[in-house]
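An overview of the molecular structure
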Amino acid sequence: MNGGDGGDVAAAPAGPPPPLDWKFSQVFGERTAGEEVQEVDIISAIEFDKSGDHLATGDRGGRVVLFERTDTKENGESRRDLEKIDYPTSRHPEFRYKTEFQSHEPEFDYLKSLEIEEKINKIRWCQTANGALFLLSTNDKTIKFWKVQEKKIKKVASMNMDPSKAVGKGNIGISSVSSSTNSHLENGGYKDKSSTNLINDFKFPPGGIPSLRLPVVSYNETSLVSRCRRVYAHAHDYHINSISNNSDGETFISADDLRINLWNLEISNQSFNIVDVKPVNMEDLTEVITCAEFHPTHCSTLAYSSSKGSIRLIDLRQSALCDKHSKLFHEQEAPGSKSFFTEIIASTSDIKFGRDGRYILSRDYMTLKLWDINMNSGPVSTFQVHEYLRPKLCDLYENDSIFDKFECCLSGDGQRVATGSYSNLFRVFGCGPGSNESTTLEASKNPMRRQVQTPSRPARSLSSITRAVRRGGGESPGVDANGNSFDFTTKLLHLAWHPSENSIACAAANSLYMYYA
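Residues numbered from 1 in each chain as written. Predicted model: local features only at pLDDT ≥ 70, side-chain atom pairs only at ≥ 80, totals over all residues. Heavy atoms only, no water.

**Some points on the overall build of the chain**
We count it as follows: Strands are runs of DSSP state E lasting at least 2 residues, helices are runs of H or I lasting at least 4, and numbering of each runs from the N terminus. Summary of the burial criterion: residues with accessible area below 20% of their type's maximum are buried, those above 50% are exposed, and those between are partly exposed, where the area comes from a 1.4 Å probe applied to protein chains only. Any two residues having at least one pair of non-hydrogen atoms within 4.5 Å are treated as being in contact. Per-residue accessibility takes into account occlusion by the displayed protein chains alone, with areas from the Shrake-Rupley method and a 1.4 Å probe.
Within the chain, the secondary structure is distributed over eight helices and 30 strands. Looking at the chain residue by residue over its 517 residues, the buried ones come to 46%. Sequence separation of at least 24 residues holds for 58% of the intrachain contacts in the chain that already meet a minimum separation of 6. Accessible surface for the chain amounts to roughly 27200 Å². Of this, 50% is attributable to carbon and sulfur atoms.

**Points about the pattern of salt bridges**
Filter applied, for reference: The salt bridge definition used is simple: a Lys or Arg side-chain nitrogen within 4 Å of an Asp or Glu carboxyl oxygen.
All told, the structure shown has 26 salt bridges when counted by the stated rule. Taking the shortest distance from any N to any O, the salt bridge between Glu-30 and Lys-445 comes out at 3.3 Å. Residue Glu-30 is located in the loop between strand S1 (23-28) and strand S2 (43-48), and its partner Lys-445 is located in the loop between strand S27 (438-442) and helix H8 (462-472); the two are separated by 415 residues in the primary sequence. Note that Arg-69 is salt-bridged to Glu-501, the shortest N-O span being 3.1 Å. In this pair, Arg-69 is assigned in strand S4 (residues 63-69) and Glu-501 in the loop between strand S28 (495-497) and strand S29 (503-508), connecting sequence segments 432 residues apart. Note on Arg-69: relative accessible area 2%, which makes it buried. Residue Glu-501 is classed as partly exposed on the basis of its relative accessible area of 26%. Each of Lys-112, Asp-237, Arg-259 and Asp-276 takes part in a single network of salt bridges with overlapping partners.

**Description of the sheet that holds strand S9 (residues 133-138)**
We count it as follows: Strand pairing is defined by DSSP finding a minimum of two bridges between the two strands. Only the stretch in contact is used when a helix axis is fitted, and all axes are lines through C-alpha atoms; the angle between N-to-C directions ranges over 0 to 180 degrees.
A sheet is described by the order of its strands in space; here four strands give the open sequence S8-S9-S10-S11, paired in antiparallel fashion. Only two strands of the sheet have a single neighbouring strand rather than two, namely strand S8 (122-125) and strand S11 (216-232). Pairs of neighbouring strands in the sheet enclose a mean axial angle of 25°, with direction left out of account. Two elements, S9 and strand S10 (residues 143-157), share six bridges in a ladder whose sense is antiparallel. For Leu-133, the partnering residue across the bridge sits in S10 and is Val-148.

**Some remarks on the environment of Ile-345**
Along the chain, Ile-345 turns up in helix H6 (residues 342-346). If sequence neighbours within four positions are ignored, Ile-345 has contacts with Asp-364, Tyr-365, Met-366, Arg-390, Leu-393 and Ile-402.

**Observations concerning the nonpolar core**
The nonpolar side chains of soluble globular proteins are, as a tendency, buried together. Heads up, the condition is: To form a nonpolar core, buried Ala, Val, Leu, Ile, Met, Phe, Trp, Tyr and Cys residues must be joined to one another through side-chain atoms within 4.5 Å.
Formed by 17 residues in total, the largest nonpolar core has its most connected members in Trp-22, Phe-426, Val-428, Leu-495, Ile-504 and Cys-506. At the level of secondary structure, the elements contributing two or more residues to this core comprise strand S26 (425-430), S28, S29 and strand S30 (511-516). Among the elements that make up this core, the one with the highest residue count is S29 (three residues). Here Ile-504 is in contact with Trp-22, Ala-418, Phe-426, Val-428, Leu-495, Ala-496, Trp-497, Tyr-513, Met-514 and Tyr-515, once residues within four sequence places are set aside. Phe-341, Leu-389, Leu-425 and Leu-493 belong to the second largest nonpolar core, which has 15 residues in total.

**Some words on the confidence of the model for the chain**
Basically, it comes down to this: The pLDDT score gives, residue by residue, the confidence of the prediction method on a 0 to 100 scale.
Residues with a pLDDT of 70 or more make up 76% of the chain, whose mean pLDDT is 81. Low pLDDT, under 50, characterises residues 452-477; the stretch is placed with 38 contacts to residues that sit more than four places away or in other chains.

**Observations concerning the side chain of Asn-121**
What counts, and what does not: Contacts described as polar in this section are N or O atom pairs within 3.5 Å, which, within protein, must combine one atom able to donate a hydrogen with one able to accept it, while residues neighboring in sequence count only if both atoms come from side chains.
Here Asn-121 shows up in the loop between strand S7 (114-116) and S8. Engagement of the side chain of Asn-121 in a polar contact is seen with the backbone oxygen of Asn-139, the distance being 3.3 Å. Asn-121 has contacts with Ser-44, Ala-45, Thr-138, Asn-139, Asp-140 and Ile-240, leaving out every residue within four places of it along the chain.

**Here we look at the side chain of Arg-312**
Residue placement: Arg-312 occurs in strand S18 (residues 311-315). Assessed through its relative accessible area of 15%, Arg-312 is described here as buried. A polar contact is formed between the side chain of Arg-312 and the side chain of Ser-310, at a distance of 3.1 Å. If near-sequence neighbours (up to four positions away) are discounted, Arg-312 is found in contact with Glu-287, Leu-302, Ala-303, Tyr-304, Ser-306, His-325, Lys-327 and Leu-328.

**Details of the pairing of S4**
Across the seven residues that make up S4, a large majority, six, are buried. Bridge count for strand S3 (residues 54-59) against S4 is five bridges, and the pairing is antiparallel. Its bridge partner lying in S4, Ala-56 is registered against Leu-66. The hairpin turn running from S3 into S4, its antiparallel successor, is three residues long, and Gly-62 in that turn takes a positive phi close to 80°. As paired strands, S4 and strand S5 (residues 95-102) are joined by seven bridges and run antiparallel to one another. Bridge pairing links Leu-66 to Thr-99 in S5.

Below, the structure written as structure tokens:
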């Protein structure tokens, strides 16, 4: 009946998705005006689990805080049933505090006279089992494997004697019998004479007790218990910058400046060195490893980035020590564009695989780049994050801000990418075919108030990047593209995208902000 209409719809070309309208959802640890932030409370890592029902944050004080999603639990229908509904719902992801634990403590390496701070560098979720949550956390030197599980609290109930009606010291006698763990004999007797005397202080009611009711152990309450299952230590001479789980669920990698090690989750005292870029003479060192990430589905493939802006793809099936890469992704410099800061701002601070493993997103100081692993001639798209800062590179170098390491993330459908900037701003770009989406949001309850009016179109070629540099040269110092002053002391380094929904969690100092679209 309507076959003609259906044919017209199918023949119409699919345009880029419309820009998302981001709204504030929640904030945890919001600062009041003028409140001073403690260094130990600053968030240093954020990670959603694969289901998106749990969120973990780590801070500079070595603590890991877990949040759980509540909007799916309070609704009677399961998520699978809700996905089948063909009309949009007004619900948005809501999380609540679940638990927290002290993951790392400050240490001191006496052999190297080196203080190891407790700051959490990375958190990675592992596969759940039997209702328990598992995750890896690391500081500069030590990786730990944590198990978080609900434990039921045992409580003795339904006894004949009412403790409130006990005479003398009887109340104490009941508690000593029920809680004692070391005074029982094999046949149920007691070796503690004082306990027997206290029990004898009870007075039976007139006529005796009509029936003997045995105590019943009930489970009315539950408590969350966090336990460190394993400690993977003493495998890195340099600071650990990243850890990544393998899709096989059994292994993970950890990377420092010069080496990448492969671990088995069950074995904490042994690891295998799979990448080693340390030269024989350290004076010949030209680049270091900045980040490493396993492929989301191919358990033998991983990528790592370097301080020269290159990304190397390696295959563990080729050799035990992966000295040679299978693919190299690197963008050549435009002729005549080299300056003192070129190598510094080219350093890749973070890489992320897309959900299907086809694309890699990388972040250097000025740009986001999207790479197709089947095309190593150059990035598919380049997004200018804060081009207006290029005239201020000298000031950024003076105050060490040029060495800030910003993270990046991709949406679950691969249509958008996001990363942070200064003044607690973060940028969201559309990376689908024909998309011009470019949104600037502020980590506050009103995220759209710092919206940039002139969207930054993704640049495809190096020549367009250099043209953008020349255009930005005449901007007034200390202001962004919308005329707002920027603040180098407030930076949004860490953020994560929900694996299946358009929801972003980002950290601004000690506050965790969440947004949805």
